[in-house]
Amino acid sequence: MTSLAPRWVFRCFRALERLGDRVTGAAGPFFIAFAIALLSVGLVCFFEIIQPTLSYPWITTPICTLIALNLVAHYFYVCTVPPGFVDEPQRAPGSGILWAKRKRRGGHRALTDGGLNNVGVRWSDEVNITRASTTKCRRCGAIRPERAHHCRICNRCVLKYDHHCPAGVNQCIGLHNERHFVMFLAYLAISTICFVVLGYQKMWQAVGYVDEAGWPHRTPDVLYMMIYILSVVLGLAVGIMFGWHLWCGVAAAETSVEAQDHEMYRKVAKERGETFVNSFDLGKRKNLELFFNIGPEGYPLYTLFFPLRIMPYTDGFRWARKKGYERHGSLREGEELTDEDDLE
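- If you check an unreviewed UniProt entry, the chain appears there as Palmitoyltransferase from Punctularia strigosozonata.
- The UniProt entry for the chain carries the following comment under Subcellular location (unreviewed entry): "Membrane".
- In the Catalytic activity (unreviewed entry) part of its UniProt record, the chain is described as follows: "L-cysteinyl-[protein] + hexadecanoyl-CoA = S-hexadecanoyl-L-cysteinyl-[protein] + CoA".

Right, here's the structure in full:
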């Protein structure tokens with residue numbers, strides 16, 4: 001009887017977790033609407049109140065407009081571009097005005113083609129490309145490659161699954177939209193910091209510390225103060241989140257899920273007297289190049305500054321690894337952590 005108590009408690013917490021998943025999934029569209037409203041009010045406040053006060057408008061106006069375009073576009077992309085599911089057809093790059101043109105270099109083989117023309121990006125033979133091992137998901141039955149995980153809310157296996165983001169995105173962050181997620185964090189941090197730094201004098205005027213005749217703007221002073229305070233909080237919080245995700249995740253060649261798994265692998269390896277090696281980690285510079293798909297054989301560097309769509313460097317079924325590695329160092333076959341504990 002005593003041995004049944006922990007299992008019963010575990011199942012109760014699991015049931016509560018699943019209920020929370022359903023609630024957050026249903027509330028996703030409301031979070032998106034709220035986020036759009038905040039972004040819209042913030043942009044109106046900036047361009048109506050702060051931007052006209054800036055010096056050298058012929059320089060500052062285009063820069064501020066470009067930052068705003070990147071902020072809005074990457075938010076739109078991260079919400080609308082599917083993350084990439086293991087059971088969907090391989091994707092090919094688009095040809096519209098919003099798609100960046102990939103560099104063309106002779107003498108390089110295609111990293112991955114997935115059976116489609118022009119999918120992936122061309123890299124030199126110095127990069128070791130291996131086919132990902134596959135497992136069968138016990139929840140949906142899909143045959144999934146390494147780095148794919150099952151999302152309980154979407155009820156599908158996602159390629160290079162990072163996390164499900166119900167607050168403001170309402171879908172998973174995976175192979176095809178993780179770059180847009182990181183870029184959105186970057187431009188949101190830049191936007192809020194610029195708002196705080198450039199708009200502090202108007203903040204003093206709004207609260208009455210500056211002796212001027214009334215509030216001369218259409219936007220209410222109370223609304224401006226609320227957006228300014230929110231920008232202070234978001235600038236700090238999102239800045240830290242972006243820095244952590246970029247340096248501890250992207251630059252380390254780990255997703256949020258893999259970071260937790262790798263900690264467990266390191267403990268197991270230490271108990272054996274071995275050292276865990278992340279086979280996807282090619283060094284911070286190369287990891288960043290692969291993630292943003294830039295570099296000599298990738299897309300141009302300007303794709304970081306203009307809101308353009310690009311393809312990821314891989315199709316999700318092949319990955320760049322350290323030379324000499326087919327799997328993580330010190331990890332035995334069958335020791336990979338899976339999502340199967342969710343079935344309890």
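## Overview of the side chain of glutamate 178
Then step 1. Secondary-structure assignment places glutamate 178 in helix α3 (residues 178-198).
Then step 2. A polar contact of 3.2 Å, which involves the side chain of glutamate 178, links it to the side chain of lysine 160.
Then step 3. In contact with glutamate 178, not counting residues within four places along its chain, are Lys160, Asp162, Ile173, His245 and Phe291.

## Examining the nonpolar core
Then step 1. Judged by nonpolar contacts, the single largest core of 26 residues is most densely connected at Leu71, Tyr75, Val78, Ile173, Val182, Leu188 and Phe292.
Then step 2. Those elements that place two or more of their residues in this core are α1 (4-50), α2 (57-80), α3, α5 (221-250) and α7 (284-292).
Then step 3. When residues in this core are grouped by element, the largest group, eight residues, is from α3.
Then step 4. Those residues in contact with valine 182 that lie beyond four places of it in its chain are Phe242, His245, Leu246, Val250, Phe291 and Phe292.

## Quick look at the UniProt feature "transmembrane region" (unreviewed entry) in the chain
Then step 1. Summarizing the sequence annotation, UniProt attributes the feature "transmembrane region" (unreviewed entry) to residues 26-49, 56-77, 181-201 and 222-247 in the numbering used throughout.
Then step 2. In the segment residues 181-201, helix accounts for 95% and strand for 0%; the C-alpha atoms at its two ends are 32 Å apart.
Then step 3. Span residues 222-247 is 100% helix and 0% strand, its end C-alpha atoms 37 Å apart.

## Some details on helix α6 (residues 256-271)
Then step 1. Under the 1.5 Å per step criterion, the end-to-end length of α6 is 24 Å for 16 residues, consistent within 8% with the ideal 22 Å.
Then step 2. Buried within α6 are the following residues: Ser256, Val257, Glu258, Asp261, His262, Tyr265 and Ala269.
Then step 3. Packed against the buried residues of α6 are β6 (149-151) and α5.
Then step 4. After α6 finishes, the residue glycine 273 shows a positive phi value of roughly 80 degrees.

## Examining the packing of aromatic side chains
Then step 1. Applying the stated criterion across every chain yields a total of 13 aromatic pairs.
Then step 2. Each ring, one from phenylalanine 195 and one from tyrosine 224, has its centre 5.7 Å from the other, and the planes form 35 degrees; the classification is tilted. Of this pair, phenylalanine 195 sits in helix α3 while tyrosine 224 sits in helix α5, and the two are 29 residues apart along the sequence. Like phenylalanine 195, the residue tyrosine 224 is buried in the burial classification.
Then step 3. A network of ring pairs unites the aromatic residues Phe46, Phe47, Phe195, Trp215, Tyr224 and Tyr228 as a single cluster.
Then step 4. Just above the ring of phenylalanine 280 sits the side chain of arginine 147; from NZ or CZ to the centre is 4.2 Å.
Then step 5. In this arrangement the basic side chain of lysine 284 is found over the ring face of tryptophan 247, its NZ or CZ atom lying 4.5 Å from the centre.

How each quantity is defined
- Residues numbered from 1 in each chain as written.
- Predicted model: local features only at pLDDT ≥ 70, side-chain atom pairs only at ≥ 80, totals over all residues.
- Heavy atoms only, no water.
- UniProt positions renumbered as here; feature names shortened; annotations may be inferred.
- Helix = DSSP H or I, 4+ residues; strand = E, 2+ residues; numbered from the N terminus.
- Polar contact = N/O pair within 3.5 Å; in protein donor to acceptor, adjacent residues only side chain to side chain.
- Contact = heavy atoms within 4.5 Å.
- Core = buried A, V, L, I, M, F, W, Y, C linked by side-chain atoms within 4.5 Å.
- Buried < 20%, exposed > 50% of the residue type's maximum accessible area, 1.4 Å probe, protein only.
- Expected span 1.5 Å × (residues − 1).
- Phe/Tyr/Trp six-rings, centres within 6.5 Å; stacked < 30°, edge-to-face > 60°.
- Lys NZ or Arg CZ within 6 Å of the ring centre and 35° of its normal.

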